[in-house]
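# Descriptive structure summary
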Amino acid sequence: MRLVDMSALVELREVSLQSEGEVILDRINLRVEQGDFLGIIGPNGAGKTTLLRIILGLQPLSSGTVILFGQPVETFRDWARLGYIPQRVALDPRFPATVAEVVASGLTGRTGLFRSPGPDAARAVEEALQLVGMAHHRQRLVGRLSVGQQQRALIARALVTRPELLLLDEPTGGIDPEAQEQFYELLQTLNRSHAVTLILVTHDIAVVGSAVRKLACLNRRLVFHGEPKEFLSDAALSSLYGAPVHLLSHRH
Amino acid sequence: MPEFLQYGFMLRALIAGLAVAAICPAIGLFLVLRRLSLIADTLAHVSLGGVALGLLLGFPPTLGALGVALVGAAGIERLRASGRLPGEAALAIFLSGGFAVAVVLLSFARGFNADLFAYLFGSLLTVSPLDLLLILGLGALVGGTVVLFYKELFAITFNEELARVAGIPVGAINLLLTLLTALTVVIAMRVVGILLVSAMLVIPTVTALQLSRSFRSALTLAVLFALAAVLGGLIAAYYLNLAAGGAIVLVALAFFAGVSLVSRGPAHQNA
């Protein structure tokens, strides 16, 4: 049996998933080191979201092992060390919670049962809101914000525990291009200035060239894992997507 | 002291009613926002089986309702969590099944019509000192538990999956909420009756949701609307000789209608 590698925040070993006889993921091996900014791309149905859910222990595996911070995901309990921003949380516009209340709820798991958040909680909420540029919206109802602002509120919620690892699933869906640009700037700031390791699932191939440091291309199996510049040729992308793909760069 | 409070039965009715008013929306808010309002109605119908058992076998029907509602709550949560049936279908099975069992049991227990009506439609004015103690005791238990688990209940209400990733024991908190609903239903049963229990959980909550500016304010407003409905309904029942349970629910509905008309709150703007 291999020893657990403590330097990796996430390690997948031979991870496979079958459902109703269909292969969803096939022997995925992947390591995410501290400080990485990993983009996971792939066509629809490639298993990107499933892979993220597997890392988070939300989806049982058929075979293989997931190691989070040196521990098997099944026994991992230190959830405050990571944050998760799911694919477009459908927020009811009538949900009666303020941005500050939603962000504070990110501390619930860390605070633990039968305990109050304590005096540091308000400061942590304020810092997280400042970091994502949402401090002036703190008392607004979260359901009334634009999609981009809601996404920022959810990131603040994920950041409030000062996690070492952030997992984002298609975070820019429904956000206008200008807000997207700001969003990726925020991710890069988190990665470079705050040493947050990022795993970003996206279908926006153009983003990955300029924003991420490493790239994983998934189509049920891992087609590529390495530096973006090694991969981002039209020919290689076409082989992944099975159709001609032309990359249009846009600045992030 | 107002005239209607000079009678012991009215004072007991008022205290019991206000206790129920403070508890129902505190549970109702979480249920409504999670689209689980039907759970209260289901557990109320299931608990009728316990009432019937009590009437038939000669033990306090409220205790029967309590036992059956708690067992029903655990069963509902298990069926719902298994995902084998859509959530509402699981509730419909328990609602109709529980009610059917109660109807069959009651067919053996002829001559209990008056007692049965007290549970079906509420009998606030006949609350005994012992009933009052039970209502206050269970009410304190429900209220205290909501305060203790407020942050976990909020987290699962906002988003269950995010709560799970944050390390919150989602399954256990869901079960807790359903069990608290069962207790609340049994407490409220005495006040508004089995058939109107869910009204006390839902109507003040949806009234408050139209005005609230935060989760805490939604909770506070919902409790205030429920307290006002009980007070108004009880006074109307006393002076106009109406059924107290029905009068309370009608006052709550009047608040809802009034707020809906004048509200510029979230529901109004985004509906």
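Just so you know, these numbers come straight off a predicted model, no measurement behind them. (Residues numbered from 1 in each chain as written. Chains lettered and ligands numbered in written order. Predicted model: local features only at pLDDT ≥ 70, side-chain atom pairs only at ≥ 80, totals over all residues. Heavy atoms only, no water.)

A complete count under the given rule lists 16 aromatic pairs over all chains for this structure. Between the aromatic rings of B:Phe154 and B:Phe215, the centroid separation amounts to 4.8 Å while the plane-to-plane angle is 90°, which identifies the pairing as edge-to-face. One end of the pair, B:Phe154, is in helix 7 (residues 150–158); the other, B:Phe215, is in helix 11 (residues 215–240), with 61 residues separating them in the sequence. In terms of burial, B:Phe154 and B:Phe215 fall into one category: buried. One aromatic cluster is present, built from ring pairs that chain together A:Phe95, B:Phe30, B:Tyr150, B:Phe154, B:Phe158 and B:Phe215. (Phe/Tyr/Trp six-rings, centres within 6.5 Å; stacked < 30°, edge-to-face > 60°. Helix = DSSP H or I, 4+ residues; strand = E, 2+ residues; numbered from the N terminus. Buried < 20%, exposed > 50% of the residue type's maximum accessible area, 1.4 Å probe, protein only.)

Turning next to a nonpolar patch on the surface. Residue and element names in this part refer to chain B. Side chains of Leu53, Leu56, Leu57, Phe59, Leu63, Val104 and Phe108 sit close together on the surface and give an oily, nonpolar patch of about 640 Å² of accessible area. At the level of secondary structure, the elements contributing two or more residues to the nonpolar patch comprise helix 2 (38–57) and helix 4 (87–108). Counting residues per element, the nonpolar patch draws most heavily on helix 2, at three residues. Under the relative-accessibility criterion, Leu56 is labelled partly exposed at 31%. (Patch = residues over 30% accessible without salt bridge, like charges linked within 9 Å, V, L, I, M, F, W, Y side chains within 5 Å. Areas by Shrake-Rupley, 256 points an atom, 1.4 Å probe, with all protein chains shown as cover. Salt bridge = Lys/Arg side-chain N within 4 Å of Asp/Glu carboxyl O.)

Quick look at the sheet that holds strand 7 (residues 165–169) of chain A now. All names here are of chain A. Strand order in the open sheet formed by six strands is 6-7-8-3-9-10, with mixed pairing between adjacent strands. The open sheet has two edge strands, strand 6 (82–85) and strand 10 (221–226), and neither has a second partner. Pairs of neighbouring strands in the sheet enclose a mean axial angle of 15°, with direction left out of account. Looking at chain direction, strand 6 and strand 7 are connected through four bridges and run parallel. Looking at strand 7, one finds that Leu82 is bridged to Leu165. This element, helix 1 (residues 48–55), spans strand 3 (37–41), strand 6, strand 7, strand 8 (197–201) and strand 9 (214–219) of the sheet and lies at about 150° to strand 7. (Pairing = 2+ DSSP bridges. Axes fitted to C-alpha atoms, helices over the stretch in contact; angles between N-to-C directions. Contact = heavy atoms within 4.5 Å.)

By secondary structure assignment, the location of B:Ser214 is in the loop between helix 10 (197–209) and helix 11. In this structure B:Ser214 comes out as buried when scored by relative accessible area, which is 15%. Look past the residues within four positions of B:Ser214 in its chain and what remains in contact with it is A:Pro96, A:Thr98, A:Glu101 and A:Leu141.

Residues and elements named next belong to chain A. In this structure the tally under the stated criterion is 17 salt bridges over all chains. Its salt-bridge partner being Arg31, residue Glu33 comes within 2.5 Å of it at the nearest N-O pair. Residue class for Glu33 comes out partly exposed when judged on its relative accessible area of 24%. Arg31 sits in the partly exposed class, given a relative accessible area of 26%.

On to the interface of chain A and chain B, then. In this assembly, 32 residues from chain A lie in contact with 34 residues from chain B. Summed over the three residues of chain A that lose the most area to chain B, namely A:Arg94, A:Phe95 and A:Pro96, the buried surface amounts to 21% of that side. On inspection of chain A and its partner chain B, the count reaches two salt bridges. Note that B:Arg35 is salt-bridged to A:Asp92, the shortest N-O span being 3.3 Å. On inspection of chain A and its partner chain B, the count reaches eight residue pairs in polar contact (both at pLDDT 80 or more). Elements with a contribution of two residues or more to the side of chain A that touches chain B: strand 6, helix 2 (99–105), helix 3 (108–111) and helix 5 (147–159) of chain A. Taken together, the residues of the side of chain A that touches chain B break down into 18 nonpolar, seven polar and seven charged. (Buried area = accessible area lost by both parts, 1.4 Å probe. Polar contact = N/O pair within 3.5 Å; in protein donor to acceptor, adjacent residues only side chain to side chain. Nonpolar A, V, L, I, M, F, W, Y, C, P; charged D, E, K, R; others polar.)

Even without a glycine there, the phi angle at A:Ala195 is positive, about 55°. Relative to the helices and strands, A:Ala195 is located in the loop between helix 6 (177–193) and strand 8. In the Ramachandran plot, B:Asn241 falls in the positive-phi region, its phi being about 55° despite a non-glycine side chain. Looking at where B:Asn241 falls in the secondary structure, it is placed in the loop between helix 11 and helix 12 (244–262). Take B:Asn241: its relative accessible area is 70%, and that puts it in the exposed class.

Residues and elements named next belong to chain A. Strand order in the open sheet made by the four strands is 2-1-4-5, with antiparallel pairing throughout. Whereas interior strands pair on both sides, the edge strands pair on one side only; in this sheet they are strand 2 (22–33) and strand 5 (71–72). As judged from the eight bridges shared by strand 1 (residues 8–19) and strand 2, these two strands associate in the antiparallel manner. Paired with Leu12 across the bridge in strand 2 is Leu30.

Attention now goes to the nonpolar core. In terms of nonpolar packing, the biggest core is built from 172 residues, with A:Leu82 and A:Ile199 touching the most fellow members. Examining the composition of this core, we find that 16 residues originate from one element, helix 1 (residues 8–33) of chain B, more than from any other. When near neighbours in sequence (up to four residues on either side) are disregarded, A:Ile199 contacts A:Val10, A:Val32, A:Leu38, A:Ile40, A:Leu52, A:Ile55, A:Leu165, A:Leu166, A:Leu167 and A:Leu168. (Core = buried A, V, L, I, M, F, W, Y, C linked by side-chain atoms within 4.5 Å.)

Residue and element names in this part refer to chain B. Mean pLDDT for chain B: 90, with 96% of residues reaching 70 or above. The least confident element of chain B is helix 13 (residues 266–270), whose mean pLDDT is 45; the most confident is helix 11, at 96. Within the model, pLDDT remains below 50 along residues 267–271, and this stretch shows nine contacts once partners closer than five positions in the same chain are excluded. (pLDDT = per-residue confidence, 0-100.)

A word on helix 3 (residues 61–82) of chain B. Residues and elements named next belong to chain B. With 22 residues, helix 3 extends 31 Å from end C-alpha to end C-alpha; this agrees with the ideal 32 Å at 1.5 Å per step. All of the buried residues along helix 3 are Pro61, Thr62, Gly64, Ala65, Leu66, Ala69, Gly72, Ala73, Ile76, Glu77, Leu79 and Arg80. Of the residues trailing helix 3, Gly83 is marked for its positive phi of about 70°. (Expected span 1.5 Å × (residues − 1).)

The next point concerns the packing of helix 6 (residues 129–148) of chain B against helix 7 of chain B. Residue and element names in this part refer to chain B. It is the contact of helix 6 with helix 7, at a shortest axis distance of 4 Å, that shows an interaxial angle of 70°. For the element pair helix 6 / helix 7, the angle class is roughly perpendicular. Between helix 6 and helix 7, the contacting residues are Val146, Val147 and Leu148 on the first element and Tyr150, Glu152 and Leu153 on the second. (Parallel < 35°, antiparallel > 145°, perpendicular 65-115°, else oblique.)

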